[in-house]
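Here is what each chain is made of, one letter per residue.
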Amino acid sequence: MAKYDVLFENEDDIFGGSPQSKYWDIANQVSEDLYRHDFDEIMTKIAVMEKMLMQQHGEEDLDRIVDSYALMNPSEIEMHKKSLYMEYAGRLIYKIAD
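Now for a look at the structure at hand.

1. Focus on the side chain of Asp 38
Here comes step 1: Along the polypeptide, Asp 38 turns up in helix H2 (residues 32–57).
Here comes step 2: Taking the relative accessible area as the measure of exposure, Asp 38 reaches 0% and is therefore buried.
Here comes step 3: Those residues in contact with Asp 38 that sit more than four places away from it in its chain are Tyr 23, Tyr 88, Arg 91, Leu 92 and Lys 95.

2. Examining the nonpolar core
Here comes step 1: Membership of the largest hydrophobic core is limited to nine residues, which are Tyr 23, Ile 26, Ala 27, Val 30, Leu 34, Ile 42, Tyr 88, Ala 89 and Leu 92.
Here comes step 2: Of all the secondary structure elements, the ones that give two or more residues to this core are helix H1 (19–27), H2 and helix H4 (74–97).
Here comes step 3: Beyond its immediate stretch of four places on either side in the chain, Leu 92 contacts Tyr 23, Ile 26, Ala 27, Val 30, Leu 34 and Asp 38.

3. Some words on the pattern of salt bridges
Here comes step 1: All told, the structure shown has eight salt bridges when counted by the stated rule.
Here comes step 2: Two residues, Glu 32 and Arg 36, come together in a salt bridge whose shortest N-O distance is 2.7 Å. With Glu 32 and Arg 36 both in helix H2, this residue pair falls four residues apart, about one helical turn. The same class applies to Glu 32 as to Arg 36, namely exposed.
Here comes step 3: Because the salt bridges share partners, they merge into one network encompassing Asp 38, Glu 41, Arg 91 and Lys 95.

So, how was this worked out
- Residues numbered from 1 in each chain as written.
- Predicted model: local features only at pLDDT ≥ 70, side-chain atom pairs only at ≥ 80, totals over all residues.
- Heavy atoms only, no water.
- Helix = DSSP H or I, 4+ residues; strand = E, 2+ residues; numbered from the N terminus.
- Buried < 20%, exposed > 50% of the residue type's maximum accessible area, 1.4 Å probe, protein only.
- Contact = heavy atoms within 4.5 Å.
- Core = buried A, V, L, I, M, F, W, Y, C linked by side-chain atoms within 4.5 Å.
- Salt bridge = Lys/Arg side-chain N within 4 Å of Asp/Glu carboxyl O.

Okay, structure coming up:
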């Protein structure tokens, strides 16, 4: 998306916009209980991944390793973030439909 494309974004197009903006559009429409539950699941996943990394690299080095990886692989991280936003937006939509 070009720098100013967001100005011409069709707000009614569910596929328009960035994955991040669409996630927040959906998250702002769900009930607070549903959002809190989904956020708690995300935090659980992060906690598990951190614990797994700490077992391999130690707690003291964790932030340095994560920051270093992010600096060395910015486009890969950005693409994965977009993928995660889409995944979690889809999960929220699925939970609304239940």
